[in-house]
Amino acid sequence: MRYTLRQLEYFIAAGETGSITLASERISISQPSISTAISHLEQELGVQLFVRHHAQGLSLTPAGRKLLAEAKHLIEQAEGLYAVASEATDQVRGQLSVGCMVTLAPMIMPELSHGFMSAFPATQIRHVEANQEWLLEGLRRAEIDIAVTYDLQIPDGIAFTPLASLAPHVLVSEAHPFARLSAVSLQDLVEEPLILLDLPISREYFLALFLKEGLQPKIHSRSAYQEVVRTMVANGYGYTLFNVRPRSDFALDGRRVVRVRLSGEHRPMVVGTATVAQFKKSRLLQAFETHCRSFISDAYIPGMVPPALDRRVRKP
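What comes next is a walk through the structure. The residue numbers shown here count from 1 along each chain, following its written sequence. In view of the model being predicted, local features appear only for residues whose pLDDT reaches at least 70, and side-chain atom pairs are presented and counted only at 80 or more, with totals across whole chains, interfaces and linings using the full set of residues. Computation of side-chain values covers all heavy atoms of the structure but excludes hydrogens and water.

With that settled, the discussion passes to the layout of surface pockets. Using a 1 Å grid laid over the protein atoms alone, points where a 1.4 Å probe fits but cannot get out form a cavity; open sets with protein on both sides within 12 Å along at least 5 of 7 lines form a pocket; any residue with an atom within 4 Å of a point counts as lining. Grid points are joined across faces, edges and corners, and a volume is the space filled by probe spheres set on the points. In this structure, the largest pocket spans a volume of roughly 1800 Å³. Contributing to the lining of the largest pocket are 49 residues, with Glu76, Glu79, Gln95, Ser97 and Arg126 lying nearest its centre. Note on conventions: DSSP H or I runs of at least 4 residues are helices, E runs of at least 2 residues are strands, and numbering of each starts at the N terminus. Looking at the lining of the largest pocket, the elements with two or more residues in it are helix 1 (5-17), helix 2 (20-27), helix 4 (62-89), strand 3 (94-101), strand 4 (123-130), helix 6 (132-140), strand 13 (269-276) and helix 10 (283-295). Counting residues per element, the lining of the largest pocket draws most heavily on helix 4, at 12 residues. Just so you know the grouping, Ala, Val, Leu, Ile, Met, Phe, Trp, Tyr, Cys and Pro go in nonpolar, Asp, Glu, Lys and Arg go in charged, and all remaining residues, Gly too, go in polar. Here the residues of the lining of the largest pocket sort into 24 nonpolar, 10 polar and 15 charged.

Take a look at the structure:
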């Protein structure tokens, strides 16, 4: 072979991002190096991998799409050698693909990943942020090794390890009348405008809270982006229901939001790790699971105010 695994990694980055510029940012390699690697692969393999669009990025050719799938498979096999070496030498090393629920990732993953790679310098973590539906499919398709997510609609064949419980609470602007209350009920909220976090499975969870009590919320707006919802709430558009408890009480525009306890008995979201039940776990994956158990609990959650210490959700 007159091509390298490194060249394949550059090709994969360009193929997945559709841009030399974005690929360069993603893998921290210069644009000329990526372009040279792609040209070398095209010459060596005798096929055109991309159609170049002036100022509009790249499009994979039919041959390029097929080779992208094969290249990703080959890289996964190559990375598997580290797992074999770890088992043989009792060392924890290699790359782990970690999926994380998109609402949890900004708070949990930076500290969690940094702590793990500091403890095991021969490891790398590749982050994949996605909604619950994608994460479960990603585990089945072996696109990720493990997911840090919620216990929502976990199917047969997926093993879930609970770590911390997050009850739902109400989020309002600091000028909202509810911000001065110790608690509010779903009945209190039903006539107020709801800004709904519109993610697959997550939205069903929030709407089911009302359905269980025979209520129908008034949905004012929807967004799949948590910070958009927080900023709309901070600007007085309405309230929302969340489970996460960021350490900051401010939306991205600098306006403040207030958490208020949701009265009544409601199903919490449980944060934990999910893996494919039937797969044999590598030493690397086992080490990461142990790390997650030591880092995430009701007493401490990276990036969040833990439930046990959250005094800002005032109780009567």
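From this point, things continue past the structure.
This paragraph deals with the sheet that holds strand 12 (residues 257-262). Within a sheet, each strand pairs with its neighbour through backbone hydrogen bonds, oriented either parallel or antiparallel. Ordered in space as 8-12-7-11, the four strands form an open sheet in which the pairing is mixed. On the outer flanks of this sheet lie strand 8 (183-184) and strand 11 (240-242), each paired with one strand and no other. As paired strands, strand 7 (residues 169-173) and strand 12 are joined by five bridges and run antiparallel to one another. By the bridge assignment for strand 12, Val172 is matched with Val258. Whether two strands pair depends on DSSP finding at least two bridges between them.

Here the focus is helix 6. Among all positions in helix 6, only Gln132, Leu135, Leu136, Gly138 and Leu139 are buried. Summarising the axial view, the buried residues of helix 6 lie within an arc of 160°, below the 170-degree limit, and thus occupy one face. Throughout, a contact is declared for two residues whenever any of their heavy atoms are within 4.5 Å. Looking at the buried residues of helix 6, the elements they touch are strand 3, strand 4, strand 5 (146-150), strand 6 (158-166) and strand 13. Downstream of helix 6 by a residue or two, Ala142 has a phi angle that is positive, lying close to 60°. In this scheme, a residue with accessible area under 20% of its type's maximum is buried, one over 50% is exposed, and one in between is partly exposed, where area comes from a 1.4 Å probe on protein chains only. Taking the helix axis as origin, the arc is that swept by the directions to the C-beta atoms.

Should a side-chain nitrogen of Lys or Arg be within 4 Å of a carboxyl oxygen of Asp or Glu, the pair is scored as a salt bridge. This model, assessed by the stated rule, comprises 17 salt bridges. Asp198 is paired through a salt bridge with Arg203; the nearest N and O atoms lie 2.9 Å apart. Here Asp198 falls in the partly exposed class, since its relative accessible area comes to 21%. A salt bridge links Arg222 to Asp198; the nearest nitrogen and oxygen atoms lie 3.7 Å apart. Here Arg222, found in strand 10 (residues 218-223), pairs with Asp198, found in the loop between strand 9 (193-197) and helix 8 (202-212); they are 24 residues apart in sequence, far enough to count as distant. For Arg222, a relative accessible area of 47% corresponds to the partly exposed category. Through salt bridges that share partners, Glu137, Arg140, Arg141 and Glu143 make up one connected network.

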